[in-house]
Amino acid sequence: MRRTTGRLMRGITLLSVLALGATACGGSDDDSSDQKAVSAADIQAALKKGGTVNVWAWEPTLKSVAANFEKKYPKVKINLVAERSGDKHYTALSNAIAAKKGVPDVAQVEYFALSQYSLTKGLTDLAPYGADKLKAKYTPGPWNAVSDGDKVYGLPMDSGPMAMFYNKKVFDKYKIAVPTTWDEYVEAARKLHKADPKVYIANDAGDAGFTTSLLWEAGSRPYKVDGTKVSINFDDAGAKKYTDTWQKLIDEKLVSPINGWTDDWYKGLGDGTIATLTTGAWMPANFVSGVPQASGQWRAAPMPAWTKGDKASAENGGSSLALPELGKNKELAYAFVEYANAGDGVQTRVDEGAFPATNAQLQDPAFLSKKFDYFDGQEANKIFADSAANVASDWSYLPFQQYANSIFNDTVGKAYVSSTKLSDALKTWQDASIKYGNEQGFTVEK
Amino acid sequence: MSSSVTTTSPDAPEQAAGGSKGAPRLRTRRKHSPGRPKRSILLTVLTGLILVYTVVPLIWLVISATKTQDGLANSSGMWFSSDFALWQNIHDTFTYHDGIFVRWLLNTLLYVVLGAGGATLLAILGGYALAKFTFPGKRAVFAVVIGAVAVPGTALAVPTFLMFSKMGLTDTPWAVIIPSLVSPFGLYLMWVFATEAIPTELMEAARIDGAGEVRTFFQVAMPLLAPGTVTVLLFTTVATWNNYFLPLIMLKDPNWYPLTLGLDAWNSQAQTIGGDVVTNLVITGSLLTIIPLIAAFLLLQKYWQSGLSAGSVKE
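Definitions and limits used
- Residues numbered from 1 in each chain as written.
- Chains lettered and ligands numbered in written order.
- Predicted model: local features only at pLDDT ≥ 70, side-chain atom pairs only at ≥ 80, totals over all residues.
- Heavy atoms only, no water.
- Contact = heavy atoms within 4.5 Å.
- Buried area = accessible area lost by both parts, 1.4 Å probe.
- Salt bridge = Lys/Arg side-chain N within 4 Å of Asp/Glu carboxyl O.
- Polar contact = N/O pair within 3.5 Å; in protein donor to acceptor, adjacent residues only side chain to side chain.
- Nonpolar A, V, L, I, M, F, W, Y, C, P; charged D, E, K, R; others polar.
- Phe/Tyr/Trp six-rings, centres within 6.5 Å; stacked < 30°, edge-to-face > 60°.
- Lys NZ or Arg CZ within 6 Å of the ring centre and 35° of its normal.
- Pairing = 2+ DSSP bridges.
- Helix = DSSP H or I, 4+ residues; strand = E, 2+ residues; numbered from the N terminus.
- Axes fitted to C-alpha atoms, helices over the stretch in contact; angles between N-to-C directions.
- Buried < 20%, exposed > 50% of the residue type's maximum accessible area, 1.4 Å probe, protein only.
- Core = buried A, V, L, I, M, F, W, Y, C linked by side-chain atoms within 4.5 Å.
- Parallel < 35°, antiparallel > 145°, perpendicular 65-115°, else oblique.

Enquirer: What is the right way to look at the interface of chain B and chain A in this model?
Expert: Quite often, the size of an interface is put as the accessible area lost when its parts meet. With 34 residues of chain B in contact, the opposing surface of chain A contributes 30 residues. With both chains or domains summed, chain B and chain A bury close to 3000 Å², and 55% of this area falls on carbon and sulfur atoms. On the chain B side of the contact with chain A, Lys252, Gln271 and Ile273 of chain B bury the most area, a combined 23% of that side's loss. On inspection of chain B and its partner chain A, the count reaches 0 salt bridges. The tally of links between chain B and chain A comes to 3 residue pairs in polar contact (both at pLDDT 80 or more). Residues belonging to the side of chain B that touches chain A are distributed by class as follows: 17 nonpolar, 12 polar and 5 charged.

Right, here's the structure in full:
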């Protein structure tokens, strides 16, 4: 059922993206480079005048931020539309942009999807509004994701530096050491599964975001983007590190074939049959609401390294707030985005459990020494902040990453269910992505 | 109307025919008569399996609605866990996100009343006209209607979206109501039903008595069509109540969501970074969502049952 819906949604998304592309080609030829700078006084005047800002964002902490913003600027009404998320959010956004109707003034856009919208001129360049001066506020990974040269297409809302979460109860029970490198991880996976065949070190049925994060950590840079010139190449040393190690886990059936974010996944995280989860630092909030029964059993640890002592890290997930080109009330919309992602809103969101992308919060002693009840009082933010500082900032996603991710299961996914080798499967993914990119009018090569 | 419909096995009519001739087939008569048809073990087992297959998800739904988020993960799906949270779940479902569930419920009612009600009305008018009047192109209309029954609504959804988008109607309730007004199956049903249920002689009598076409329709035909109307109304109500795909692509504003979309939105929160996992509310909401449909069926079944059997016996 979920897969069918997924395919259906994929079809719709694709259709909308095509429509979006068509609009961008045939549409306005205004040159955004001679956009007039918007001064702080203009924004203040707009705030005094008031109006409504329509925001499409699912991030739950924005609710309080919007309430505080309205309190501070009583003439402004923030209309937060929060019921859509993930694929459906982008489908709705692309449809609205294609139909040129009902486009929100502010939209939450994940980092991997940003360039898709910015490239089709779907998003407003925020540099003239003063966003270009905010660079120093953010950690390099998220800033790199929202900016392109001197253009800024959104303000980073959160970030997802990678960490490994592990079920301490399970590791203690079988007296297995918590792995610090991926080689130790494979070793631990073997021991765990031998001790109890129901226990797997991780679930992995093929997940595009996870794979790209591991490649990122391993130093692989498969995607190179220069305007509409793109190259995709999974044939480098980093990718080899990843495929060699992960192939062992797949061959020996040491990863549980459960898809992430399903009921089974939540169940597995709760009952100890999935022993670790390597993912972004935003995960604690999801643990609290989705896996309440395992409270106290889990801990955070640094992501395993490819070579012992290596501190390189990567990002997974994270999103920005952006201003769609067709939105209205640009000054007000920008004022809200700046308040939420660079101003007072950041602290509100951190207090409610969001993981920030701002240096000030990441270095704040109160933030670092926060004790997580879920992790039995562990000061997990120290691990996450350390990871955030070690993220290499030269990673880029494809301008059609959303599509590439959607075909991941049909290509790389085969390595998990058949005898296809992971390295060959990556090659298939590469070829399919290149083919699609060229069809979309990009110049894509290996 | 008072007699409930008895289940008859395929060979029952022959039995009845045999019996009416008065032949003294005592053994056969004692064992099974038209009132007590022959039993088939195979059919009973098959029916039993289908019953289990249909009822199990419902039982699961009812049981799961009594559990907390914690209980859902920790207990078997087919039995209660130690925490009985049904009332709390219902309370939370109605109050979560500022009580938007109530709004979705009202939206669904609106779409059903206008969409399904309108579809039924159009089906009656069209079916009556096609059954009782001759006009050029009738066969073509027949072909179109039969063809339209075969086209799944899903296939039309995207073209419909593009059309409505051009008209500037997307993201308004009209985008859900207007396409719901068309029910080829309902039209076909009413057509067949009107052919059987309204004797042409009766219409001629009304005309001779001086009634105009409008009066003939409302005072003579409508009452005769009542069972068929209820049937079509039930079908279109269920179709509109359960409609998911059309609102999904038409609506962006959650304030106009029907229940199907709203519950799906809650469900997908569990698949989102930073999302609130409320599976227990999704399950309780689903249970609450099917209750009005069950109520509609129970209240209307005696009407539509008599409708289904109309024309099956020659008096």
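Enquirer: Explanation requested: the packing of aromatic side chains in the structure shown.
Expert: Two measures describe an aromatic ring pair: the distance that separates the ring centres and the angle between the ring planes. All names here are of chain A. Under the defined criterion, the tally for this structure stands at 51 aromatic pairs over all chains. The structure contains a cluster of three or more aromatic residues connected by ring pairs, namely Phe165, Phe287, Trp298, Phe355, Phe367, Phe372, Tyr374, Phe375 and Phe384. Geometry around phenylalanine 372 places lysine 370 over its ring, the cationic atom sitting 4.7 Å from the centre.

Enquirer: So what exactly am I meant to see when it comes to the sheet that holds strand β10 (residues 229-232) of chain A here?
Expert: Paired through backbone hydrogen bonds, the strands of a sheet run either parallel or antiparallel to each other. Residue and element names in this part refer to chain A. Spatially, the 3 strands line up as an open sheet ordered β9-β10-β15, and their pairing is mixed. Two strands bound the open sheet, and with one partner strand each, they are β9 (223-226) and β15 (443-445). Each neighbouring strand pair of the sheet contributes to a mean axis angle of 15°, computed without reference to strand direction. Note: β9 against β10, 4 bridges, orientation antiparallel.

Enquirer: I keep staring at the environment of threonine 245 of chain A and nothing clicks. Help me out?
Expert: All names here are of chain A. On the secondary structure map, threonine 245 appears in helix α10 (residues 237-251). Here the alpha-carbon distance between threonine 245 and aspartate 183, two residues 62 residues apart in the chain, equals 7.3 Å. Filtering out sequence-adjacent residues up to four positions away, threonine 245 remains in contact with Trp182, Val186 and Trp306.

Enquirer: I tried to follow the pattern of salt bridges on my own but got confused; where do I start?
Expert: Opposite charge on two side chains permits pairing when their charged atoms draw close. Residues and elements named next belong to chain A. Counting across every chain of the model gives 19 salt bridges over all chains. A salt bridge links lysine 371 to glutamate 379, with the nearest nitrogen and oxygen atoms 3.3 Å apart. A relative accessible area of 53% means that lysine 371 is categorised as exposed. Its relative accessible area of 25% is what places glutamate 379 among the partly exposed residues. Two residues, glutamate 379 and lysine 382, come together in a salt bridge whose shortest N-O distance is 2.4 Å.

Enquirer: What am I meant to see in the nonpolar core here?
Expert: Here is a general trend for soluble globular proteins: nonpolar side chains tend to be buried in one another's company. Residues and elements named next belong to chain A. Core analysis: the largest hydrophobic core is formed by 113 residues, its most contacted members being Phe69, Val109, Ile232, Tyr242, Trp246, Tyr334 and Trp429. The element that contributes the greatest number of residues to this core is helix α13 (residues 330-341), accounting for 8 residues. Aside from chain neighbours lying at most four places away, what touches valine 109 is Tyr90, Leu93, Leu114, Tyr117, Ser319, Ser320 and Ala322. Ranked by size, the runner-up nonpolar core spans 33 residues in total, among them Trp282, Val350, Phe384 and Ala385.

Enquirer: Can you walk me through the packing of α13 of chain A against helix α14 (residues 344-351) of chain A in this structure?
Expert: Between two packed helices, the angle of one axis relative to the other and the distance separating the axes together describe the packing. Residue and element names in this part refer to chain A. One can describe the packing of α13 onto α14 by two numbers: an axis separation of 4 Å at closest approach and a directional angle of 50°. Taken together, the axes of α13 and α14 lie oblique to each other. Between α13, through Tyr339, Ala340 and Asn341, and α14, the contact on the second element is made entirely by Asp344, Gly345, Val346 and Arg349. Looking at the contact of α13 with α14 residue by residue, the class counts come to 3 nonpolar, 2 polar and 2 charged.

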